[in-house]
Amino acid sequence: MQLISILATTNNGIIGINNKEKHQYTIPWKISSDMKHFKSISENNILIMGSTTYESLPAIFFKDTSRKIIVLTGNRYRTSDKKNIFIGHSKDHAMKIAYNLSYNNTKKVIICGGKEIYELFLPNIHQWIVSHINTTINSHTHDLRANDELINVKNILSHIKNNSLKITKIKSYKANKQNEYDFDIISYEL
Ligand SMILES: NC(=O)c1ccc[n+]([C@@H]2O[C@H](COP(=O)([O-])OP(=O)(O)OC[C@H]3O[C@@H](n4cnc5c(N)ncnc54)[C@H](OP(=O)(O)O)[C@@H]3O)[C@@H](O)[C@H]2O)c1
């Protein structure tokens, strides 16, 4: 089973913000075209994500029930009563669920974060689809609140770049009213 991963990052490897006090996780940009890109890739396919990312998603995300979502958690007692949401208790368990849902590979299996989950599946990913957002976010450039922690995936980006993958530019976007920053979508494939 081939795994695809989708990720959006700033030039300095930031993928999200964690407000430790409020236990609030967010993505620090508003880019409507990237949301559409995510939607079109994920429709009708199988997503694997960490429980933190799952909890951070807005209600609108769950309107499209064509996606099957496997939520990874170490919580043995967690279950799901929704038809399209499945609970994985380990990497192997999540892979087994994905395999059973993939109908002989007719559906894509997409690893969609966050940081812990990208790291967990790093050796198994066949293709990375990365939105490179042309900005740098750090504690000086961004309006961070007290207890905000930036979530950084620099190690993952260097892994991708050091692995001589086949690089294909999929599309470039300019900043406008709907897209806060310029960004390029690039595929890195084995
Ligand atoms: N820019 C992007 O493309 C993008 C994409 C996705 C997410 N994000 C951002 O990334 C941030 C979240 O990332 P994160 O690294 O903090 O959290 P995460 O990877 O979404 O989830 C971590 C959770 O996954 C579960 N988990 C991890 N390894 C596991 C294993 N081996 N077996 C079973 N369960 C396992 C644990 O859940 P339990 O605690 O329940 O045990 C753990 O707390 C958010 O800010 C989000 O907005 C950004």
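Provided above is the structure to which this section pertains.
Below: a short report on this structure. All values derive from a computational prediction rather than experimental measurement. (Residues numbered from 1 in each chain as written. Predicted model: local features only at pLDDT ≥ 70, side-chain atom pairs only at ≥ 80, totals over all residues.)

Points about the pairing of strand S11 (residues 183-189)
Here is step 1 of the chain: Sheet topology note: the strand S8 (residues 125-133)/S11 ladder contains 7 bridges and is antiparallel. What sits directly across from Gln127, in S11, is Glu189.
Here is step 2 of the chain: Both strand S10 (residues 166-173) and S11 contribute to a ladder of 7 bridges, which runs antiparallel. Along S11, the bridge assignment pairs Lys169 with Ile186. (Pairing = 2+ DSSP bridges. Helix = DSSP H or I, 4+ residues; strand = E, 2+ residues; numbered from the N terminus.)

Description of helix H1 (residues 32-42)
Here is step 1 of the chain: Burial in H1 covers these residues: Asp34, His37 and Ser42. The arc enclosing the buried residues of H1, seen along the axis, measures out at 120°, which places them on a common side. In H1, the exposed positions angled more than 90 degrees off the buried face are occupied by Lys36, Lys39 and Ser40.
Here is step 2 of the chain: A positive phi of about 65° marks Asn44, the residue just after H1. (Buried ≥ 20, exposed ≤ 12 C-beta atoms within 10 Å, placed from the backbone. Arc of directions from axis to C-beta.)

Comments concerning the environment of Tyr77
Here is step 1 of the chain: Mapped onto the elements, Tyr77 comes out in the loop between strand S5 (68-72) and strand S6 (85-88).
Here is step 2 of the chain: Owing to 6 C-beta atoms within 10 Å, Tyr77 belongs among the exposed residues under this scheme.
Here is step 3 of the chain: Distance in space between the C-alpha atoms of Tyr77 and Asp34 is 34 Å, their sequence separation being 43 residues.

Thoughts on the sheet that holds strand S3 (residues 24-26)
Here is step 1 of the chain: Taken in spatial order, the 3 strands make up an open sheet running S3-S2-S9, and their pairing is antiparallel. Of all strands in the sheet, those with a lone pairing partner are S3 and strand S9 (148-152), marking the two edges. The mean inter-strand angle of the sheet, taken between neighbouring strand axes irrespective of direction, is 25°.
Here is step 2 of the chain: Sheet topology note: the strand S2 (residues 14-19)/S3 ladder contains 3 bridges and is antiparallel. Each bridged residue has a counterpart across the sheet, and for Ile17 the counterpart in S3 is Thr26. (Axes fitted to C-alpha atoms, helices over the stretch in contact; angles between N-to-C directions.)

Here's the deal with the site of the ligand
Here is step 1 of the chain: Lining the immediate environment of the ligand, one finds 30 residues, of which Gly16, Gly50, Gly74, Gly113 and Gly114 sit closest.
Here is step 2 of the chain: Those elements that place two or more of their residues in the shell around the ligand are strand S1 (3-10), S2, S3, strand S4 (46-50), helix H2 (51-56) and helix H4 (115-121).
Here is step 3 of the chain: Here the shell around the ligand is composed, by residue class, of 12 nonpolar, 15 polar and 3 charged. (Near = placed C-beta within 6 Å. Nonpolar A, V, L, I, M, F, W, Y, C, P; charged D, E, K, R; others polar.)

Here we look at the nonpolar core
For soluble globular proteins, nonpolar side chains are generally found buried alongside one another.
Here is step 1 of the chain: Among the nonpolar cores identified, the biggest contains 38 residues, and Leu47, Ile48, Met49 and Ile70 are the most heavily contacted of them.
Here is step 2 of the chain: Here the element with the most residues in this core is S8; it accounts for 5 residues.
Here is step 3 of the chain: The contacts of Leu47, once residues within four sequence positions are left out, are Ser42, Arg67, Ile69, Ile70, Ile110 and Cys112. (Core = buried A, V, L, I, M, F, W, Y, C linked by C-beta atoms within 7 Å. Contact = placed C-beta atoms within 7 Å.)

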